[in-house]
Amino acid sequence: MRCSSNSSYTRFDYSPLTFRVYYSPITSDGIDFNHDGQLDEKWIYKDYRISRVISDRNLDGKEDVTHHYDRHGLIYITKSEDDFDGPYETTSKYKRGNVYLQESDTNNDGHTGYRAHLKHGVFSEVELIEPHFNTTKKKADIFNEQIDLFRIRF
Ligand SMILES: [Ca+2]
Ligand SMILES: [Ca+2]
Ligand SMILES: [Ca+2]
């Protein structure tokens, strides 16, 4: 790295090697995970405190999750777009930094498809509500009944 200076500013010339060594995808405004020059996670501040974090998790150029923080800087709700089809369908609510409730409109009909309850951030039970699950508001203990959440087709 060379440093040159004139009367109005100091200029740094970086060699490509120096750029690779010192380049960081993290800025004061967010993170560029795939190094394309666009922030994939954006940090929004209000009165010098974090207010929202907006991310593009699948790196398709479209935001798909927003975390909201209260005036103390604690996360309280997340809105997410978990099937990457456009509409946001999932809401997660937090207590002491852990998710305690997650609801999702699984088929974008305006009604909750499933509701998951969590204890200390860990799934404890889930209600499957949508008619296409062939059940009416079934509540199940996912550990005792061995329901595999990842096999459920939404
Ligand atoms: Ca990027
Ligand atoms: Ca995305
Ligand atoms: Ca969606």
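None of the values given here were measured: they were computed from a predicted structure.

Reading the values: the criteria
Residues numbered from 1 in each chain as written. Chains lettered and ligands numbered in written order. Predicted model: local features only at pLDDT ≥ 70, side-chain atom pairs only at ≥ 80, totals over all residues. Buried ≥ 20, exposed ≤ 12 C-beta atoms within 10 Å, placed from the backbone. Helix = DSSP H or I, 4+ residues; strand = E, 2+ residues; numbered from the N terminus. Pairing = 2+ DSSP bridges. Core = buried A, V, L, I, M, F, W, Y, C linked by C-beta atoms within 7 Å. pLDDT = per-residue confidence, 0-100. Contact = placed C-beta atoms within 7 Å.

1. A look at unusual backbone geometry
One non-glycine residue with positive phi stands out, namely Tyr48, at about 65°. Judged by local crowding, Tyr48 falls into the exposed class, with 6 C-beta atoms found within 10 Å. Unusually for a residue other than glycine, Arg96 sits at a positive phi of about 50°. Checked against the element boundaries, Arg96 lands in the loop between strand S8 (90-95) and strand S9 (98-104).

2. Structural notes on the pairing of strand S11 (residues 122-128)
Inspection of the sheet shows strand S10 (residues 114-119) paired to S11 by 6 bridges, in the antiparallel sense. Looking at the pairing, His117 lines up with Glu125 of S11.

3. Considering the nonpolar core
Side chains of nonpolar character tend, in soluble globular proteins, to be buried together. Tyr114, Ala116, Val126, Leu128 and Ile129 form the largest nonpolar core, which has 5 residues in total. Only S10 and S11 provide two or more residues apiece to this core.

4. Notes on the confidence of the model for the chain
The pLDDT averaged across the chain works out to 81; a share of 70% of its residues lies at or above 70. Between residues 1-8, whose pLDDT stays under 50, and residues either more than four places distant or in other chains, the model counts 9 contacts. Across residues 150-154, where pLDDT falls below 50, the model places 3 contacts with residues more than four positions away in sequence or in other chains.

5. Considerations on the pairing of strand S5 (residues 49-55)
In terms of strand pairing, strand S4 (residues 41-46) meets S5 through 6 bridges, oriented antiparallel. Bridging from a neighbouring strand, Ile44 pairs with Arg52 of S5. Counting the residues in the hairpin turn of S4 and S5 gives 2 residues, including Asp47, whose phi is positive at 55°.

6. Digging into the environment of Pro87
For Pro87, the location among the structural elements is in the loop between strand S7 (75-80) and S8. Each C-alpha atom of the pair Pro87 and Asp64 lies 8.9 Å from the other, and the pair is 23 residues apart in sequence.

7. Overview of the environment of Lys95
In this structure, Lys95 sits in strand S8. Residues Lys95 and Tyr76 lie 19 residues apart in sequence; the distance between their C-alpha atoms is 6.8 Å.

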